[in-house]
Amino acid sequence: MTMPEILKPLKTWEHLSGARRKPSEYEIVSTNLHYSTDDQNSPFELDPNFDIALWFKKYRNESPIKHPDWNSFRDPDEIVYRTYNLIQDGQEAYVFGLLDQFSDREHDKALSPSWVALLGRLYTPNRYLFHSLQMHSAYICQMAQASTISNCATYQTADHLRWLTHTAYRTAELAKVHGAAGFGLNEKNRWLSDPAWLDIRELVEKALVAWDWAESFVVLNLIVKPSIEGATIRSLGESARRNGDTLLGLLSDAQLVDASRHQKWSRALVKKMLEQDENREQLRVWIRKWMPLAKAAINSYCQYLVEVPDAAERSIATVEEFHASLGL
Amino acid sequence: MSQLPIISNFQGDFLLQLVLGDSEGTINSLAEAAAYHSVGRRVAPQPGKVIRVRRQGETGFYKPDAKVSDTDIKAMDCLEFVFSDPDKK
Amino acid sequence: MTILDRSEWYDIARETNWTPTFVTEEELFPEVMTGGLGVTRDKWEKYDEPYKTSYPEYVKIQREKDAGAYSVKAALERNKLFETADPGWISILKSHYGGLALGEYAAMSAEARMTRFGPAPGMRNMATFGMLDENRHTQLQLYFPHEHCSKDRQFDWAVKAYHTNEWAAIATRRMVDDLFLGRDAISIAIMLTFAFETGFTNMQFLGLSSDAAEVGDYTFSSLISSIQTDESRHAQIGGPALEVLIANGKKAEAERMVYQGIAGAWRLFCVLTGPSMDYNTPLAHRKHSFKEFMQEWIIGQFERSLIDLGLDLPWYWDKLVAEFDYMHHAYQLGLWYWRPTIWWNPAAGVTPDERDWLEEKYPGWNDTFGKCWDVIIENVVAGRMDKTYPETLPILCNMSQLPICAIPGNGWNVKDYPLEYQGRTYHFNSEIDRWMFQQSPERYRDHMSLVDRLLAGQIQPPDIGGILKYMNIAPGECGDDAHKYAWADAYRVNPFSKSAA
């Protein structure tokens, strides 16, 4: 046996040491952290074919979307845990400052009865929707091919809990002032049977069980989120401003800051996927498959936003423009 | 020579080890192969003693000069290697 | 100021279950990923997480915690560590980071499984914070060791270990995969958060944190005590899950999950934490033995939390408690003797003074483990170094993937616990390991230990060189004695007093 050379210390992790520049904090703490992708035949240090191993083999390893080096994906915002809390603590300070200020001014008392009724119908049931986005993002986190993708999904999961939290908070506030309107009581029924929500619910329920990890990403980040962000956040926010509900308008804008961050990493991941030209057609297939449901969801919801007559049209156009800008 | 992997549980040692024996050799040669990986490493030699071989859980030893392939020993059987006085059978 | 109290809206934020109509309940929460032993989802409405927090509180507190943790990491202190710390302590850091950093990341995936597939909204929300917590723990435990890369190649293993077939890495993956990464949401709640985190990470983090402070490594001490504050929050996901299972007639099944969780976690802590505390930590800084620590944390505290929930102690409890006396001593012998196959430099920890301490803490140590060390010491003193290195592999337990070992010397009780299953013979370290396999053989059946792989011809050439190559460990990163055998000087002065007794 010949003696192998003696390895010398490197300036960084071995897998980053080939790069010309010094790795960033983001790269040091975020890259190459999934080991269950190492052996495609056996994700875990267990039987290669027990039920959960089969799940990962089928829905992750055998996905039609292929790339030889998923670990090369980078979050364009290079968010790490530390900066995530810095950013969001600042954002929450802003939001809770708004809540405090508007509450002091007795904002809710000044809302018109018709707008209050609309809030109960079109705003507060959002918590079910936002929670489904939270659950769905967590699926992408656990199934993604690279830790740099999972991390984006982790922060996105938390962001949706944030949206859910804002909505729950406002629901409680509205219930205090408008006790008879059923805030905190009627949301589930609205979510389950109101025609404004039915198509949205169909979309998210079906999206939640699209198990292939890449399809799961496509349907959530390229279809569901841009659609509902256009309808139940942006358009509702516009409608709010036109009804004297400045607070909801500002809250919506605060959430859309998160949404635009989500779009940035989605764009980067699609770009990564399209480095393999064979992937383009499959991505288009999925978009064609899911867009009819998304359009129906947007149309059903937006028809009740009478002050924003072009809400549906603009929301759909925004989603389609997003796809076109991705080359899909 | 035909290699036969067995599990060595050597008296006084702290673990089971993989030992490659020769199925055409004797039980004694198997004991030597096992001793190589324990005695003088973590087990002190016991001059004047011999090493006898038995299957885990049994009291009777294999005959030292028996050919391994003539016994019931199969690959990856767990065998105990025990210091004994030479006169005791 | 008119900000609502959390209690005024908290419940609304966890009323988010609905019965789907466009897909079935079983599709939305498939048994394979949700688990739950057939307890229907409406029963989970009773789930009530004891520790409550909210998004705005979380990001605020965590921001402050991180400011603390990262500020302690002052450049001056970091550099001093390498000059002043005992090499045994440095070895603890290496084994800790390599063994834990990516395991924390796997725990993030497991928390994500509970966030997606957990049957109760409160569980899903708490697991969302759990995802963030585990993301934090991964990043902290990569950021801190990274700066040591340029001084010592072994620190590269903070990331590398889990990506190799190094044997301790295989054993670590086995535990992580079996207890959480490869489990359904309910099993994760019980095995990861209740058994593993409540039972064992408390010990790892509190114990090592106080040891670190003793040694003067305040960076590490504050790092892991900061991590522990997160753990003690999200570890509480499991308790109420157990309560729901018990209330719905699944006590026996819930207990079985707890027992599997404890047994799996114990093995790994035994091989990593046991030798760290009783051998690698410099004698002057040892405040308690591993056994004393286990007695306080596992018997004193964890046993009580089992009883509080109305759970019976595991059938194997006496056997496990008996292992506190010897198992980690056996693993220590294995780690040291097979040191070229691990990514840290184990301290022998057997100077005459250290042996006195071991004998005091573990009466009979000299007559058992000491007997093996006597032979090793004689070889080191005589310069017969070839006799201090292995030339074969230990037999690895088909459950833990760790060497099958026990008490040597005059207490010799090493034994194989075999099991014949569907035509294959499996080897186990104990009745507990064998029982683990029997609970769900389909999870383990076609897995091959390193020894199985060698015998199947997957490792070529089938010799020590080939094995090291298969493990992806090479000179420059593979372990050697932490103190370069300086500890043996005490025996050179007076070669005849080889035992401390």
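This text follows the structure it describes.
The structure contained in this document is the topic of the report that follows. Since the model is a prediction, treat every value here as computed from it, not as a measurement.

1. Considerations on the overall build of chain C
Thought 1: When its secondary structure is counted, chain C shows 22 helices and 2 strands.
Thought 2: Computed over C-alpha atoms, the radius of gyration of chain C comes to 23 Å, within 12% of the 23 Å expected from 2.2 N^0.38 for 501 residues, which places it in the range of a compact globule.
Thought 3: Its C-alpha atoms give chain C principal-axis dimensions of roughly 75 × 60 × 40 Å.
Thought 4: Restricting to contacts in chain C with at least 6 residues of sequence separation, those with at least 24 account for 79%.
Thought 5: A total accessible area of about 15,800 Å² is found for chain C, and carbon and sulfur atoms account for 52% of it.
Thought 6: In chain C, 49 positive and 69 negative side-chain charges are present, and the distance between their average locations comes to 3 Å.

2. Some words on the arrangement of the chains
Thought 1: Ranked by contact count, the leading pair among the 2 pairs of chains in contact consists of chains A and C.
Thought 2: A gap remains between chain A and chain B, with no contact made and the closest C-alpha atoms lying 20 Å from each other.

3. Description of the nonpolar core
Thought 1: Counting 294 residues, the largest nonpolar core has Trp44(C), Phe180(C), Ile262(C) and Trp487(C) as the members making the most contacts within it.
Thought 2: Broken down by element, the residue count for this core peaks at 16 residues, all from helix H6 (residues 87-117) of chain C.
Thought 3: Beyond its immediate chain neighbours, meaning those up to four positions away, Phe180(C) contacts Gly103(C), Ala106(C), Ala107(C), Ala110(C), Arg113(C), Met175(C), Ile188(C), Leu192(C) and Phe196(C).
Thought 4: Grouped together as the second largest cluster of nonpolar side chains are 20 residues, Leu30(B), Ala31(B), Tyr62(B) and Leu79(B) included.

4. Regarding the interface of chain B and chain C
Thought 1: Facing 24 residues of chain B, the contacting portion of chain C comprises 35 residues.
Thought 2: The junction of chain B with chain C conceals about 2,400 Å² of combined surface from both sides, 64% of it contributed by carbon and sulfur atoms.
Thought 3: One can count 1 salt bridge joining chain B with chain C.
Thought 4: For Glu391(C), the salt bridge goes to Arg41(B), with nearest N and O atoms at 2.5 Å.

5. Things to note about the packing of aromatic side chains
Given two aromatic rings, one states the distance between the centres and the angle between the planes to describe the pair.
Thought 1: A full pass over the atoms with the stated rule returns 47 aromatic pairs over all chains.
Thought 2: Geometrically, the ring pair formed by Tyr84(A) and Tyr155(A) is stacked, given 5.0 Å between the ring centres and 15 degrees between the ring planes. Residue Tyr84(A) is found in helix H3 (residues 81-104), and its partner Tyr155(A) is found in helix H6 (residues 147-177); the two are separated by 71 residues along the sequence. This pair shows no difference in class: Tyr84(A) is buried, exactly as Tyr155(A) is.
Thought 3: A ring pair is formed by Trp266(C) and Phe290(C), whose centres lie 5.9 Å apart and whose planes are at 10 degrees; its orientation type is stacked. With Trp266(C) in helix H13 (residues 251-280) and Phe290(C) in helix H14 (residues 290-308), this residue pair connects regions lying 24 residues apart in the sequence.
Thought 4: Exposure remark for Trp266(C): the relative accessible area of 1% places this residue in the buried category.
Thought 5: Look at Phe290(C) and you get buried, because its relative accessible area is 0%.
Thought 6: Here the aromatic residues Trp55(A), Tyr59(A), Tyr139(A), Trp211(A) and Phe117(C) are joined through ring pairs into a cluster of three or more.
Thought 7: Its end group placed over the ring of Tyr337(C), Arg42(B) keeps NZ or CZ at 4.4 Å from the ring centre.

Parameters and conventions
Residues numbered from 1 in each chain as written. Chains lettered and ligands numbered in written order. Predicted model: local features only at pLDDT ≥ 70, side-chain atom pairs only at ≥ 80, totals over all residues. Heavy atoms only, no water. Helix = DSSP H or I, 4+ residues; strand = E, 2+ residues; numbered from the N terminus. Rg over C-alpha atoms; globule rule 2.2 N^0.38 Å. Contact = heavy atoms within 4.5 Å. Areas by Shrake-Rupley, 256 points an atom, 1.4 Å probe, with all protein chains shown as cover. Lys, Arg positive; Asp, Glu negative; His and termini not counted. Charge placed at Lys NZ, Arg CZ, Asp CG, Glu CD. Core = buried A, V, L, I, M, F, W, Y, C linked by side-chain atoms within 4.5 Å. Buried < 20%, exposed > 50% of the residue type's maximum accessible area, 1.4 Å probe, protein only. Buried area = accessible area lost by both parts, 1.4 Å probe. Salt bridge = Lys/Arg side-chain N within 4 Å of Asp/Glu carboxyl O. Phe/Tyr/Trp six-rings, centres within 6.5 Å; stacked < 30°, edge-to-face > 60°. Lys NZ or Arg CZ within 6 Å of the ring centre and 35° of its normal.

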